[in-house]
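Below are the chains, spelled out letter by letter.
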Amino acid sequence: MNISFEGKRALVTGAGKGIGRATALALANCGAKVTSVTRTQSDLDSLVQECPSIIPVCVDLADWGATEAALKNVGPIDLLVNNAAHANLQPFLEVTPEQFDQSFNVNVKAVLHVSQIVAAGMKGRGSGGAIVNVSSQASQCALRNHTVYCASKGALDMLTKVMALELGAHQIRVNSVNPTVVMTEMGRSGWSDPEKAKTMTSRIPLGRFAEVDEVVNSILFLLSDKSSMTNGVTLPVDGGFLAC
Ligand code: NAP
């Protein structure tokens with residue numbers, strides 16, 4: 001199945017590393033004009049070096065005012081990937097208000113905010129569009145020490161559905177991908193220990209973690225016209241974990 005985003009303008013958050021970076025590069029390879037948003041300038045520098053057509057935007061998405069200022073002149077966007085997220089694991093009884101706020105500010109509030117900015121433009125132009133939120137299997141299954149992360153991704157799944165409901169009338173589709181563990185920097189921080197990894201892979205029917213490209217391919221599908229009647233879904237990319 002060939003997917004072309006020729007003539008489309010895309011914005012990807014958290015595009016400095018991991019899944020976001022690979023998504024930005026894949027979208028550019030498929031012909032999209034890509035704006036990449038992240039908070040570490042050196043990641044943007046190396047990304048632009050790798051793909052000179054990418055437009056870099058450096059901002060901490062946890063900061064509402066700074067995000068507003070940074071995206072004010074971003075221009076028309078047809079495809080949005082809300083990928084940036086914060087993961088900080090701790091036992092339930094040790095969760096602090098600061099950890100809660102940091103995670104919800106990035107994982108939920110920034111998704112709402114960036115989507116408002118982008119979707120308002122889509123609605124104003126009457127051009128429609130597609131939005132993919134990067135959620136997690138953790139939105140639908142309790143994982144030990146993942147209180148805030150699970151809660152934030154659960155909130156993100158419901159945000160996806162309400163956005164799909166309200167934006168559908170403007171031909172803006174909103175879906176999420178919900179991956180299992182992927183060995184990015186975030187994945188390594190939680191699952192590098194082989195014994196711990198085994199407790200997860202043993203619960204995944206396919207018996208392994210997901211590769212970055214497997215998540216990217218699902219994102220591209222949901223952004224593309226190949227999924228033109230798919231709206232409001234939370235698509236597991238989890239080897240069957242959530243089916244059990
Ligand atoms: P990653 O390798 O840690 O990359 C995350 C990217 O987001 C980094 O470029 C990071 O920048 C950026 N980011 C984080 N907070 C930000 C902020 N406040 N403002 C701007 N940019 C920010 O993570 P990943 O594994 O690719 O995860 C991508 C998405 O997949 C996330 O939504 C995550 O929850 C989801 N996911 C991941 C896994 C997994 O196992 N890896 C599993 C399921 C779902 P800095 O490095 O500069 O902070």
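The model shown is predicted, which means the values in this text are computed figures rather than measured ones.

Draft legend 1. Region of interest: the overall build of the protein. Looking only at helices and strands, the protein has eight helices and seven strands in total. Against the compact-globule benchmark of 18 Å for 244 residues, the protein has a radius of gyration of 17 Å, which places it among compact chains. Over its C-alpha atoms, taken along the principal directions, the protein stretches across nearly 50 × 40 × 40 Å. When the 244 residues of the protein are sorted by exposure, 50% land in the buried category.

Draft legend 2. Focus on helix α1 (residues 18-29). Here α1 is 12 residues long and its end C-alpha atoms lie 17 Å apart, about the 16 Å a rise of 1.5 Å per residue gives. By the criterion of burial, α1 is predominantly enclosed, with 10 of the 12 residues buried. Turning to α1, its buried residues are I19, G20, R21, A22, T23, A24, L25, A26, L27 and A28. Note on α1: the residue one or two positions beyond its end, G31, has a positive phi of about 100°.

Draft legend 3. Inspection of the site of the ligand at higher detail. Surrounding the ligand, one finds 29 residues, the nearest of these being K17, T40, N83, Y149 and T184. Here an oxygen atom of the ligand sits 2.5 Å away from a polar atom, N or O, in the side chain of K17. Contact distances for the ligand include 2.7 Å between an oxygen atom and a side-chain N or O atom of R39. For the ligand, whose free accessible area comes to 890 Å², the fraction covered by protein is 94%. Of all the secondary-structure elements, those providing two or more residues to the shell around the ligand are α1, α5 (147-167) and α6 (185-191). When residues in the shell around the ligand are grouped by element, the largest group, three residues, is from α6.

Draft legend 4. View of the packing of aromatic side chains. Going through the model one piece at a time under the given rule, you end up with two aromatic pairs. A ring pair is formed by F100 and F104, whose centres lie 4.3 Å apart and whose planes are at 15°; its orientation type is stacked. Of the two residues, F100 and F104 both sit in helix α4 (residues 97-125), four residues apart, roughly one turn of that helix. For F100, a relative accessible area of 37% gives the class partly exposed. Measuring from centroid to centroid gives 6.5 Å for W191 and F209, while their planes differ by 65°, and the two rings are edge-to-face. With a gap of 18 residues between them, W191 in helix α6 and F209 in the loop between α7 (194-201) and α8 (212-223) connect regions that are remote in the sequence.

The rules behind each value
Residues numbered from 1 in each chain as written. Predicted model: local features only at pLDDT ≥ 70, side-chain atom pairs only at ≥ 80, totals over all residues. Heavy atoms only, no water. Helix = DSSP H or I, 4+ residues; strand = E, 2+ residues; numbered from the N terminus. Rg over C-alpha atoms; globule rule 2.2 N^0.38 Å. Buried < 20%, exposed > 50% of the residue type's maximum accessible area, 1.4 Å probe, protein only. Expected span 1.5 Å × (residues − 1). Near = heavy atom within 4 Å. Polar contact = N/O pair within 3.5 Å; in protein donor to acceptor, adjacent residues only side chain to side chain. Areas by Shrake-Rupley, 256 points an atom, 1.4 Å probe, with all protein chains shown as cover. Phe/Tyr/Trp six-rings, centres within 6.5 Å; stacked < 30°, edge-to-face > 60°.

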